[in-house]
Amino acid sequence: MAIASVYFGEHLGRYGFGEGHPFGPDRIHAFWNETVKQGIDKRVDILPPVAGDEKSLLRFHTPEYIQRVKAASQSGLGYLDHGDTPAFKGVLEAGLYVVGSDLDALARIVSGETPRVFVPIAGLHHARRDAAAGFCAFNDCGIIIETLRSHYAIQRIAYIDIDAHHGDGVFYAYEDDPDVAIADLHEDGRYLYPGTGAASETGIGAAVGTKLNIPLAPGSDDQVFHRAWPQVETYLRAFKPEIILLQAGADSIEGDPITHLRFSPAAHAHATASLIKIADEFCQGRIIAMGGGGYNRNNLALGWNEVLKAMLV
Ligand SMILES: [Zn+2]
């Protein structure tokens, strides 16, 4: 058995908004072609995508919202939100494959079968409990957090997000929860969707001071990343999580068509290796990485495979 596992299969790719869309169904293949090219497929356990059940969505989302997605999934018409996230026929089922694969990964991680798992396409961090947003129908990150608590009695959870966009759907759902540590490096919200994630946003109520937002100026490169990253490490070691969730969006890599950060894929490798070390120290090695955004196909192929390779060390 390999030390790391990855989900791959046609069904995961179905969560996409049509050929030619930045979030198209071809993203999974762009990733996997590179995995095979680098021979990484021979070194990991490859797991087939798993269909999640509708009930699991209720752990995070409201019943009314799920019904709305269901109706839109049947008609395939219009938008799930106010114009960013198109509906398509089967969006419910496609979204359930993302969620189901995450939850299958979680079961394997917690049982100790495979402590490190990568789920490409997952990491839909903009969806709210009652709304879609920014190409995200269901917030699988939130569903993971709720499931860790309801099914595995795991309370102290660290969510790290290196996608160029602020993970607002996760942040605001747990803004008042001191047991969810959130460290989010992103392009400054004054220049990029969704416009949130100022450094002054550190949590509210009982959770004041438990969140770390690191907004970066457009054009920030690996040097800026490396200057910022030790803050994340210090913060996580002080928090002592029981499990680590990484949203490894590749849209923070130079050349993405819709963002302005300039990391190289090496940033993704460094972040993953660093988090694995922390997971080994505090979390019995447990880490789940999700692909997140990334709209330059070459970047997502290289960035996500750096995540996967770091898991094999
Ligand atoms: Zn993004």
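For the structure itself, consult the block above.
Residues numbered from 1 in each chain as written. Predicted model: local features only at pLDDT ≥ 70, side-chain atom pairs only at ≥ 80, totals over all residues. Heavy atoms only, no water.

**Quick notes on unusual backbone geometry**
- With an omega of 0 degrees, the peptide bond between tyrosine 193 and proline 194 qualifies as cis.
- Assignment of secondary structure puts proline 194 in the loop between strand E5 (180–187) and strand E6 (211–216).
- Backbone geometry places isoleucine 121, a non-glycine residue, at a positive phi of 75 degrees.
- Residue isoleucine 121 is classed as buried on the basis of its relative accessible area of 1%. (Helix = DSSP H or I, 4+ residues; strand = E, 2+ residues; numbered from the N terminus. Buried < 20%, exposed > 50% of the residue type's maximum accessible area, 1.4 Å probe, protein only.)

**Looking at the environment of glutamate 146**
- Its place among the elements puts glutamate 146 in helix H6 (residues 140–152).
- Given the relative accessible area of 18%, glutamate 146 is considered buried.
- The spacing of glutamate 146 and arginine 59 is 87 residues in sequence and 6.0 Å in space, taken between C-alpha atoms.
- Within polar-contact distance, the side chain of glutamate 146 engages the side chain of arginine 129 at 3.2 Å. (Polar contact = N/O pair within 3.5 Å; in protein donor to acceptor, adjacent residues only side chain to side chain.)

**Some thoughts on the packing of aromatic side chains**
- Summed over the entire model, instances satisfying the criterion amount to 19 aromatic pairs.
- Taken together, a centroid distance of 6.4 Å and an interplanar angle of 35 degrees make the contact between phenylalanine 60 and tyrosine 174 tilted. Here tyrosine 174 lies in the loop between helix H7 (168–173) and E5 and phenylalanine 60 lies in the loop between helix H3 (54–57) and helix H4 (63–75), a separation of 114 residues in the sequence. Here the two residues phenylalanine 60 and tyrosine 174 agree in accessibility, since each one is buried.
- Aromatic pair phenylalanine 171 and tyrosine 172: ring centres 5.0 Å apart, planes at 85 degrees, arrangement edge-to-face.
- Overall, the relative accessible area of 0% leaves phenylalanine 171 in the buried class.
- Judged by relative accessible area, tyrosine 172 falls into the partly exposed class, the value being 25%. (Phe/Tyr/Trp six-rings, centres within 6.5 Å; stacked < 30°, edge-to-face > 60°.)

**A look at the sheet that holds strand E3 (residues 116–119)**
- Strands sit in the order E2-E1-E3-E8-E7-E4-E5-E6 across an open sheet of eight strands; the sheet is parallel. What marks the edges here is a single partner per strand, and that holds for strand E2 (45–47) and E6. Each strand axis lies, on average, 15 degrees off the axis of its neighbour in the sheet, ignoring direction.
- Sheet topology places E3 next to strand E8 (residues 287–290); four bridges connect them, and they run parallel. When the bridges of E8 are listed, valine 117 appears paired with isoleucine 288. (Pairing = 2+ DSSP bridges. Axes fitted to C-alpha atoms, helices over the stretch in contact; angles between N-to-C directions.)

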